[in-house]
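Chain residues, written in single-letter form:
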2 protein chains.
Amino acid sequence: MSDASTPRRPTATDVARAAGVSRATVGFVLNQTPGKTISRSTSERVRDEAARLGYRPNGAARTLAGGRSRIVLLVLPDWPMEHTLRDYVEEAALVLEDAGYSLVTHTRRSDGRTRPLWESLHPDIVFGFAPFAPDEVASMRDCGIPKIFPDPARGEPFDISLAVSAGPRLQVQHLYDRGCRSLAYATWAPARPPFLAEARHRAAQAHAHSLGLPPLGLRNTDHRDGSADLAVREWRDTGVTGVAAFNDEVAAAAVGAAVRAGIRVPEELAVIGHDDTPLAAMFVPSLSSIHFSTTALGRFFADLALRELDGRPLPRREATENATLVRREST
Amino acid sequence: MSDASTPRRPTATDVARAAGVSRATVGFVLNQTPGKTISRSTSERVRDEAARLGYRPNGAARTLAGGRSRIVLLVLPDWPMEHTLRDYVEEAALVLEDAGYSLVTHTRRSDGRTRPLWESLHPDIVFGFAPFAPDEVASMRDCGIPKIFPDPARGEPFDISLAVSAGPRLQVQHLYDRGCRSLAYATWAPARPPFLAEARHRAAQAHAHSLGLPPLGLRNTDHRDGSADLAVREWRDTGVTGVAAFNDEVAAAAVGAAVRAGIRVPEELAVIGHDDTPLAAMFVPSLSSIHFSTTALGRFFADLALRELDGRPLPRREATENATLVRREST
DNA sequence: CTGAAAGCGCTTACAG
DNA sequence: CTGAAAGCGCTTACAG
């Protein structure tokens, strides 16, 4: 009945007819359904015909029939970690792909006026780096999203600092090694979701403690609202000589403010950033930073998502010690 | 048969039963199907029951039955324009949402090893800022993607510089106004997709020409490979006094190299960036830049996608003159 | 070891 | 003006 001139995309029925088997058998072969032992010759015939016809399963039909979409929706908060984020995501997507899932990313803004993507995409899991807001959780429940990570139902949420502690530890150790004994931690404006910043600060704090140093005071260091200028003056007046920054932008703001205030970097104030973004190498003076193996982190997060999907237990601790120090002019 | 304890998501059948109408009528009311005149009281009853039950149509079923997914897949290249990009996307998503579409973004890397998202998502259109590579087009065709933008089949591709000419024009005008008569254009490393850079360069070129200035030489200005250092020396030796940069990162690289080479900014070399990113305000000296109204551009792109989807003609020229000059220390 | 059949939740001609 | 029915392309018990 269909127009012969329309190059209709082949369906499983077409493959079945070409291979001389039933439609169901095609599904069993191509999905490697466990518990089905299809003869080798049949399998090969099906696979060959599928390849020859360029068969691709229809995602909507699979989702409808199977009750799952094989989509992992990764919600990215509005954070300043662009450069590294892409590498995480690419690596995570690879791991998930091997497991038969597609990774879709979704940048959700705090002031967002758009509807969340989980309303239309029906992902099997919504995965976030930070806990979701109560109204977001409610919306996901209404949409019938089967899994949420971090799971709001779980008493003790997964501690993301397990995955991010290596960098802050190196920052503190490096400042310590070059002789700084009074340290501070510089972070971004409080308007941004503070989840990752808190985790990194905690990790820095813990390492400082283990070195016998006093606690690191936390300061917002922004070049736009004058807080960076205030911070450097306070550090000078209170004898702080080393600053670990949440990321390279924060470090740049701190160094910029110090230079303008006549404070010599690194002689009077050493500052180290995090993420080793292009900005770090470009800034004058160039910024020491922490280079992160993004592939390891990407794999870590993908593994987390797959464990949730399969109902397997989450890891208690993480050995992603793939951070390395990049020393430049600012320390 | 289903477990009563499972809070099953309501379907159109549930709504139909609750409202005392047929399943089809529910669809007609909720989709406002043209050509169907449902009585007002019936419509209201259906809508009320749908709201009461918290009904949400199943996307997979709609896609399967309707033959379209109502998904717009926006392919973002691996470009350094993060800060502004998010605002574009948010605004475009809003416009598309009003038209019943969901916007999904997909960052496709040149060296990407992951499978493209259009294989699993079945979008109604794949929308890119730059033309797609031949193998990408072939892959989309195989997947049965009905629309591609920019359309590879169309003889003359849509000229994206229609949308981006205002910024470069302002850059050149500003340098001209402060007395620079020998200008150059600084761009990013050639490894990056040069599409947007070319469009901006063309626009700058055109405006310089209209001012009676000689053509702007194009230089890659990267802080990593030494090209920035080479460029500033060449500019000094050839009497270039004003540089329009592709974006703020490029401008930062140029200014950084100039400072290191002992060239005074802006007295000997004025540099203006583009996008007005945080980096521009933070850099020492702070960078003049172009602030772009991202909402206008987002709406422009959404309109483009909707025209393609509906088969309506594309606009021939664009009046998105929403760029403004932000003057700082570097000019 | 393999296949016939029901069903997922919609849309859309078609018939009244 | 409204509804009964077929069908989209899969998955998955179930029966042989």
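Okay, so let's go over this structure. Keep in mind the model is a prediction, meaning the values are calculated, not measured.

1. Section: the packing of helix α2 (residues 23-31) of chain B against helix α3 (residues 40-53) of chain B
Two numbers describe a pair of packed helices, the interaxial angle and the distance between the axes.
All names here are of chain B.
Then comes step 1: Contact pair α2 / α3: the axes reach a minimum separation of 10 Å and the direction vectors enclose 90 degrees. Classified by the angle between their axes, α2 and α3 sit roughly perpendicular to one another. Judged by residue contacts, Thr25, Val26, Val29 and Leu30 of α2 engage Thr42, Ser43, Val46, Arg47 and Ala50 from α3.
Then comes step 2: Split into classes, the residues belonging to the contact of α2 with α3 amount to five nonpolar, three polar and one charged.

2. Considering the nonpolar core
Then comes step 1: Counting residues in each nonpolar core, the largest one holds 90 residues, and the members touching the most others are Val243 and Ala254 of chain A together with Val243 and Ala254 of chain B.
Then comes step 2: Those residues in contact with valine 243 of chain B, other than ones at most four positions away along the chain, are Leu183, Ala184, Ala186, Trp235, Ala254, Leu269 and Val271 of chain B.
Then comes step 3: Ranked by size, the runner-up nonpolar core spans 76 residues in total, among them Tyr88, Leu117 and Ala323 of chain A together with Trp118 of chain B.

3. Considerations on the pairing of strand β5 (residues 183-187) of chain B
All names here are of chain B.
Then comes step 1: Extensive coverage of β5 is indicated by the burial of five of its five residues.
Then comes step 2: With burial as the criterion, each face of β5 is covered, one bearing Leu183, Tyr185 and Thr187 and the other bearing Ala184 and Ala186.
Then comes step 3: One ladder, built from four bridges, connects β5 with strand β7 (residues 242-245); its direction is parallel. From the neighbouring strand, leucine 183 faces β7, where its bridge partner is glycine 242.
Then comes step 4: In this sheet, strand β6 (residues 217-220) lies alongside β5 in parallel orientation, the contact comprising four bridges. Within the sheet, the bridge partner assigned to alanine 186 lies in β6 and is arginine 219.

4. A look at the protein's contact with DNA strand D
Then comes step 1: Not every one of the 25 residues close to DNA strand D is listed here, only the nearest: Ala12, Gly27 and Ala65 of chain A together with Ala24 and Ser39 of chain B.
Then comes step 2: Looking at the surface near DNA strand D, the elements that each hand over two or more residues are α2 (23-31) and α4 (59-66) of chain A together with α2 and α4 (59-66) of chain B.
Then comes step 3: Here the residues of the surface near DNA strand D sort into 12 nonpolar, 10 polar and three charged.

5. A look at the relation of the copies chain B and chain A
Then comes step 1: You can overlay chain B on chain A at an RMSD of 0.1 Å; the transform is a turn of 180 degrees with a shift of 0.0 Å along its axis. Both copies of the chain, as the preceding transformation shows, are related through a two-fold rotation axis. The position closest to the rotation axis in chain B is occupied by the C-alpha of alanine 60 of chain B, lying 2.3 Å away.

6. Some remarks on the environment of glutamate 234 of chain B
Then comes step 1: Here glutamate 234 of chain B is to be found in helix α11 (residues 227-238).
Then comes step 2: Through-space distance from the C-alpha of glutamate 234 of chain B to that of threonine 33 of chain B is 65 Å; in sequence the pair is 201 residues apart.

7. Here we look at the sheet that holds strand β1 (residues 71-76) of chain A
All names here are of chain A.
Then comes step 1: With parallel pairing, the four strands of this open sheet are ordered in space as β2-β1-β3-β4. Two strands in the sheet have a free side with no partner beyond their single neighbour: β2 (102-107) and β4 (147-149). Along the sheet, successive strands turn relative to each other by an average axial angle of 20 degrees, direction set aside.
Then comes step 2: As paired strands, β1 and strand β3 (residues 125-128) are joined by four bridges and run parallel to one another. By the bridge assignment, valine 75 is partnered in β3 with glycine 128.
Then comes step 3: Most of the contacts of helix α14 (residues 294-310) go to β4, to which it runs at about 150 degrees, and overall it touches β1, β3 and β4.

8. Brief notes about the interface of chain B and chain A
Then comes step 1: On the chain A side, the residues contacting the 44 residues of chain B number 44 residues.
Then comes step 2: Among the elements of the structure, α4, α5 (82-98), β2 (102-107), α6 (118-121), α12 (248-260) and α13 (278-282) of chain B are those that each provide at least two residues to the side of chain B that touches chain A.
Then comes step 3: No other element matches the six residues that α5 of chain B contributes to the side of chain B that touches chain A.

Calculation criteria
- Residue numbers restart at each chain and count upward from 1, following the sequence in its written direction.
- Lettering of chains starts at A and numbering of ligands starts at 1, both following the order in which they are written.
- With pLDDT at 70 or above as the cut-off, local features in this predicted model cover only qualifying residues; side-chain atom pairs require 80 or more to be listed or tallied, and sums for whole chains, interfaces and linings still use all residues.
- Angles shown run from 0 to 180 degrees and are taken between the N-to-C directions of axes, each axis being a line fitted to C-alpha atoms and, for helices, limited to the stretch in contact.
- In this text, helices come from DSSP runs of H or I with a minimum length of four residues, and strands from runs of E with a minimum of two, each type numbered from the N-terminal end.
- In what follows, roughly perpendicular refers to angles from 65 to 115 degrees, roughly parallel to angles under 35, roughly antiparallel to angles over 145, and oblique to any angle outside these ranges.
- Once C-beta atoms have been placed from the backbone, residue pairs whose C-beta atoms lie within 7 Å are recorded as contacts.
- Polar here means any residue other than Ala, Val, Leu, Ile, Met, Phe, Trp, Tyr, Cys and Pro, which are nonpolar, and Asp, Glu, Lys and Arg, which are charged; Gly is therefore polar.
- Working definition: the nonpolar core is a set of buried Ala, Val, Leu, Ile, Met, Phe, Trp, Tyr and Cys residues, joined through C-beta atoms within 7 Å.
- Buried residues are those with 20 or more other C-beta atoms within 10 Å of their own C-beta, exposed residues have 12 or fewer, and partly exposed residues lie in between; C-beta atoms are placed from the backbone.
- If DSSP finds at least two bridges between two strands, the strands pair.
- We call a residue near a molecule or strand if the C-beta atom, set from the backbone, is within 6 Å of it.
- Alignment of the copies relies on least squares applied to C-alpha atoms, considering only residues that score at least 70 for pLDDT in both.

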